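Descriptive analysis of the structure
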Amino acid sequence: MGRPYAMLRAGFPYVKTVGMRRMTVNFPVDLAIGKEGVLHILCRNEEGAMVRRLTGEDEDLGSFGSLGVGDGQLRWPVSIIADREGNLFVSDEALHRISKFSPQGEFLGKWGSHGAGDGELNAPSGIAFDKDENIYVADALNHRIQLFTKDGGFLAKWGSHGAGDGQFNMPWGVAVDELGDVYVADWRNDRIQKFTGGGRFIFKFGRSGSGESEFHRPAGVTVDRDGDVYVADTGNNRVQLFNHEGRYVQKFLGDATLSKSARAYMLANPMFLRLRDMAVIDEQKLFRSPRSVRVDDQGFMYVPDYGSFRVQIYRKDVERLREDQIAAPLRSPSLLTA
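Residues numbered from 1 in each chain as written. Predicted model: local features only at pLDDT ≥ 70, side-chain atom pairs only at ≥ 80, totals over all residues. Heavy atoms only, no water.

1. Describing the overall build of the protein
Stated formally: A run of DSSP states H or I qualifies as a helix once it reaches four residues; a run of E qualifies as a strand once it reaches two. Both are numbered from the N-terminal end. For a compact globule the rule gives 2.2 Å times the number of residues to the power 0.38, and the radius of gyration it is set against comes from C-alpha atoms. The buried label goes to any residue with under 20% of its type's maximum accessible area, the exposed label to any with over 50%, and the partly exposed label to all in between, with areas taken from a 1.4 Å probe on protein chains only. It only takes one pair of heavy atoms within 4.5 Å for two residues to be counted as in contact. Only the protein chains shown count as cover for residues, and the accessible areas themselves come from Shrake-Rupley with a 1.4 Å probe.
When helices and strands are counted, the protein shows three helices and 28 strands. Rg of the C-alpha trace for the protein: 20 Å, near the compact-globule value of 20 Å for 338 residues, within the 12% margin. The burial tally for the protein puts 52% of its 338 residues in the buried class. Put simply, 49% of the contacts in the protein that link residues at least 6 apart link residues at least 24 apart. Total accessible area on the protein is roughly 15700 Å²; 50% of this is exposed by carbon and sulfur atoms.

2. Overview of the packing of helix α1 (residues 260-267) against helix α2 (residues 270-278)
Filter applied, for reference: Note on method: axes are straight lines fitted to C-alpha atoms, helices fitted across the in-contact stretch only, with angles between N-to-C directions ranging 0 to 180 degrees. In what follows, roughly perpendicular refers to angles from 65 to 115 degrees, roughly parallel to angles under 35, roughly antiparallel to angles over 145, and oblique to any angle outside these ranges. Under the scheme applied, nonpolar residues are Ala, Val, Leu, Ile, Met, Phe, Trp, Tyr, Cys and Pro; charged residues are Asp, Glu, Lys and Arg; polar residues are all the others, including Gly.
Between α1 and α2, whose axes approach to 6 Å, the crossing angle comes to 115 degrees. What the angle tells us is that α1 and α2 run roughly perpendicular. Contact with α1, carried on its side by Tyr265, Met266 and Leu267, involves Phe272, Leu273 and Arg276 of α2 and no other residues of that element. When the residues that make up the contact of α1 with α2 are grouped by side-chain class, the tally is five nonpolar, no polar and one charged.

3. Details of empty space enclosed by the protein
Filter applied, for reference: A 1.4 Å probe that fits but cannot get out identifies a cavity on a 1 Å grid over protein atoms alone, an open set with protein on both sides within 12 Å along at least five of seven lines counts as a pocket, and a residue lines either if it has an atom within 4 Å of a point. Grid points are joined across faces, edges and corners, and a volume is the space filled by probe spheres set on the points.
Under the criterion given, the structure shown has one cavity of 30 Å³ or more. Taken together, 16 residues make up the lining of the largest cavity; nearest its centre are Ser79, Gly173, Gly220, Ser292 and Arg294. The set of elements that each furnish at least two residues to the lining of the largest cavity consists of β3 (28-33), β7 (77-82), β11 (124-129), β15 (171-176) and β21 (218-223). Of the residues belonging to the lining of the largest cavity, the class tally is eight nonpolar, five polar and three charged.

4. Some thoughts on the packing of aromatic side chains
Short version of the rule: To pair, rings of Phe, Tyr and Trp, with the six-membered ring standing in for Trp, must have centres within 6.5 Å; the planes then decide the type, stacked if under 30 degrees apart, edge-to-face if over 60, and tilted in the middle. By definition, being over a ring means that NZ of Lys or CZ of Arg is both within 6 Å of the ring centre and within 35 degrees of the ring normal.
Enumeration according to the criterion identifies 24 aromatic pairs in this entry. Here a set of aromatic residues connected by ring pairs shows up, and it is made of Phe12, Tyr14, Tyr230, Phe252, Phe287 and Tyr314. One cation-aromatic arrangement involves Arg217 over Trp187; the distance from NZ or CZ to the ring centre is 5.3 Å.

5. Re the sheet that holds strand β17 (residues 191-195)
The strands making up a sheet associate through hydrogen bonds between their backbones, and the pairing can be parallel or antiparallel. Just so we agree on the cut-off: The pairing criterion is simple: DSSP has to find at least two bridges between the two strands.
The antiparallel open sheet is built from four strands, whose spatial order is β15-β16-β17-β18. The open sheet terminates on both sides in strands that have one partner only, identified here as β15 and β18 (201-205). Each strand of the sheet is rotated relative to its neighbour by a mean of 20 degrees, with strand direction disregarded. Direction of pairing for strand β16 (residues 182-186) relative to β17: antiparallel, over a ladder of five bridges. By the bridge assignment for β17, Val182 is matched with Phe195.

6. Overview of unusual backbone geometry
Although it is not a glycine, His143 sits at a positive phi angle of roughly 55 degrees. Topologically, His143 is positioned in the loop between β12 (135-139) and β13 (144-148). Phi is positive for Ser213, close to 65 degrees, though the residue is something other than glycine. Mapped onto the secondary structure, Ser213 falls in the loop between β19 (207-208) and β20 (214-215). Its relative accessible area of 17% is what places Ser213 among the buried residues.

7. Comments concerning the sheet that holds β12
Judged by pairing direction, the sheet is antiparallel, and its four strands sit side by side in the order β11-β12-β13-β14 without closing on themselves. The open sheet has two edge strands with one neighbour each: β11 and β14 (154-158). When the angles between neighbouring strand axes are averaged without regard to direction, this sheet yields 20 degrees.

8. A few points about α1
Let me state the cut-off plainly: As used here, the arc belongs to the directions running from the helix axis to the C-beta atoms.
Three or more residues of α1 are buried, namely Ser261, Ala262 and Met266. Along the axis of α1, the buried residues cluster in a sector spanning 130 degrees; they form a single face. Across from the buried face of α1, at angles greater than 90 degrees, the exposed residues are Lys260, Arg263 and Leu267. The secondary structure elements touched by the buried residues of α1 are α2.

9. Observations regarding the side chain of Arg44
What counts, and what does not: Each polar contact in these results corresponds to two N or O atoms within 3.5 Å; when the atoms are within protein, one needs to be able to donate a hydrogen and the other to accept it, and residues that are neighboring in sequence are counted only if both atoms are side-chain atoms.
With respect to the helices and strands, the residue Arg44 is situated in strand β4 (residues 39-45). Judged by relative accessible area, Arg44 falls into the buried class, the value being 5%. Only 2.9 Å separates the side chain of Arg44 from the backbone oxygen of Pro77, close enough to count as a polar contact. Look past the residues within four positions of Arg44 in its chain and what remains in contact with it is Asn26, Phe27, Val29, Ala49, Trp76, Pro77, Val78, Glu93, Trp172 and Tyr306.

10. Describing the side chain of Ser99
Within the fold, Ser99 resides in strand β9 (residues 97-101). The buried category is assigned to Ser99, whose relative accessible area is 2%. Excluding its chain neighbours within four sequence positions, the residues that come into contact with Ser99 are Leu88, Phe89, Val90, Phe107, Gly109 and Lys110.

Below, the structure is given as structure tokens:
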């Protein structure tokens with residue numbers, strides 16, 4: 001099914017939270033949705049790095065990976081993606097490499113070497129598949145995007161250091177839509193840039209700030225099947241949603257409730273129950289430095305809530321419209337509701 005001509009946006013309600021500190025999720029930076037809906041949550045801080053596996057019902061399926069530089073280990077991982085077979089690929093900006101794991105976490109291989117030449121990496125951050133499962137890599141400290149085969153074969157590159165169209169200042173997140181176009185979260189330039197799959201600049205949106213369509217260090221970016229663009233606006237502690245033209249639609253600030261695991265943990269610990277009883281709940285529900293945002297084909301949005309050690313989940317509610325179902329575009333639109 002192609003993109004709709006337009007949409008009736010009914011809402012984007014919060015659904016639930018999974019994970020908690022100490023028990024399952026510590027400092028989540030990204031996640032990949034595997035087979036049967038398993039959430040592979042990439043976690044990192046100065047003391048550890050791992051991939052935690054949870055079901056959508058917050059059941060712990062264990063973890064893999066550990067802090068280190070050896071095969072299957074992680075030092076400062078940034079992004080995780082899953083291929084059609086469920087194999088997982090993890091970028092590591094400290095080790096300048098991409099590691100591959102089975103769906104169960106068995107180490108399968110790695111590629112990448114430190115440098116600035118073709119196919120070399122300097123702090124790789126965001127990664128994303130194209131339709132052929134080649135991998136785009138945001139090569140952050142080389143200020144460029146590179147394209148590789150799944151086995152690490154170099155295919156193409158574009159970009160240079162700067163603030164002009166098609167230039168980057170530490171690109172972080174990268175996403176590919178169903179048309180093959182590439183979106184890059186240009187971290188230090190506080191903007192999103194869109195390119196063809198071959199690297200031709202299409203358009204950009206965003207500027208520095210905290211208002212609508214403004215960013216403070218945008219890290220993650222993703223695109224859903226309707227062409228909507230989601231940006232993890234890390235420094236502003238929020239996620240912003242834009243349509244396929246880069247027009248601002250809405251923002252998400254966080255609506256977390258206690259996860260299933262957190263509820264069980266607190267019920268077993270009287271001191272934590274007392275602390276929760278004394279807490280200001282408004283503050284407890286908000287995002288804290290989200291590093292990424294992911295969506296699936298069912299319209300669920302997953303936000304790894306880095307500073308709160310959990311994942312918040314929302315679901316898109318829209319009616320997809322044909323051209324004959326909606327009035328022609330207006331020159332001076334304003335929204336009125338009954």
